[in-house]
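Topology and contacts: notes
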Amino acid sequence: MNEDIIKSIDTTNKIKKRKMSLQVCKQYLNVLQSTPTEAMANEVNQFATEVCNDIKGEEPEITIDNTCPFPRNLDIVTEVKLNLNAVINMLEQILVKESKEEIDNVHNAIKTECLGYL
């Protein structure tokens, strides 16, 4: 298989994973808007932290741009809502970046295949 095709498959899988995480974040945010409880906030905070840590490993500059460097001393529900919005912003930025990479990978694969027929 062509290296660009393999990159395309990897990028596509990453995009699917990010879209699913984005959807979960938005659903959690809706739940916290309507029925904010501390137990739910703790569950959501754990999810948001896991997603943020995953992003931090792959895109540290996006994480730095979207996180607060100092404690805010807010109640847990407000804190988690802010964290979720930050994770949503990070995921959206990464999706734009990964989508561009996917387009480049597909274009490169097509060029390589077309040149092979000339």
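The sections below set out a description of the structure shown in this document. (Residues numbered from 1 in each chain as written. Predicted model: local features only at pLDDT ≥ 70, side-chain atom pairs only at ≥ 80, totals over all residues. Heavy atoms only, no water.)

**Focus on the overall build of the chain**
Helices and strands together make up the secondary structure of the chain, namely 4 helices and 0 strands. Mapped from its N terminus to its C terminus, the chain presents α and β elements in the order α-α-α-α. The C-alpha radius of gyration of the chain comes to 18 Å, more than 25% above the 13 Å expected for a compact globule of 118 residues. Scored against the burial criterion, the 118 residues of the chain give a buried share of 32%. (Helix = DSSP H or I, 4+ residues; strand = E, 2+ residues; numbered from the N terminus. Rg over C-alpha atoms; globule rule 2.2 N^0.38 Å. Buried < 20%, exposed > 50% of the residue type's maximum accessible area, 1.4 Å probe, protein only.)

**A word on the environment of Thr63**
Relative to the assigned elements, Thr63 resides in helix α3 (residues 60-66). Judged by relative accessible area, Thr63 falls into the buried class, the value being 4%. When the C-alpha atoms of Thr63 and Lys14 are compared, they prove to be 17 Å apart, with 49 residues separating the residues in sequence. Non-local contacts of Thr63, meaning those with residues more than four positions away in its chain, are made with Cys52, Ile55, Lys56 and Met90. (Contact = heavy atoms within 4.5 Å.)

**Thoughts on the pattern of salt bridges**
Scanning the model with the defined rule gives 7 salt bridges in all. Between Lys17 and Asp54 there is a salt bridge whose closest N-O contact spans 3.0 Å. Highlighted residues: Lys17 in helix α1 (residues 3-34) and Asp54 in helix α2 (residues 38-58), separated in sequence by 37 residues. When its relative accessible area of 41% is taken as the criterion, Lys17 is described as partly exposed. Looking at Asp54, the relative accessible area reads 25%, which means it is partly exposed. Between Arg18 and Glu98 there is a salt bridge, and its shortest N-O distance comes to 3.6 Å. Of the two residues, Arg18 sits in helix α1 while Glu98 sits in helix α4 (residues 76-116), which places them 80 residues apart along the sequence. The two residues Arg18 and Glu98 agree in class, both being buried. Taken together, the salt bridges that share partners define one network made up of Lys17, Arg18, Asp54, Glu58 and Glu98. (Salt bridge = Lys/Arg side-chain N within 4 Å of Asp/Glu carboxyl O.)

**Examining the layout of surface pockets**
Size it by volume and the largest pocket reaches roughly 230 Å³. Every element with two or more residues in the lining of the largest pocket is listed here: α2 and α4. Residues that form the lining of the largest pocket fall into these classes: 9 nonpolar, 6 polar and 2 charged. (1 Å grid on protein atoms, 1.4 Å probe; cavity = no way out; pocket = protein on both sides within 12 Å on 5 of 7 lines; lining within 4 Å. Points joined across faces, edges and corners; volume = space filled by probe spheres on them. Nonpolar A, V, L, I, M, F, W, Y, C, P; charged D, E, K, R; others polar.)

**Remarks on the side chain of Glu59**
Assignment of secondary structure puts Glu59 in the loop between α2 and α3. Sequence-distant contacts of Glu59, defined by excluding residues within four places in its chain, comprise Ile94 and Lys97.

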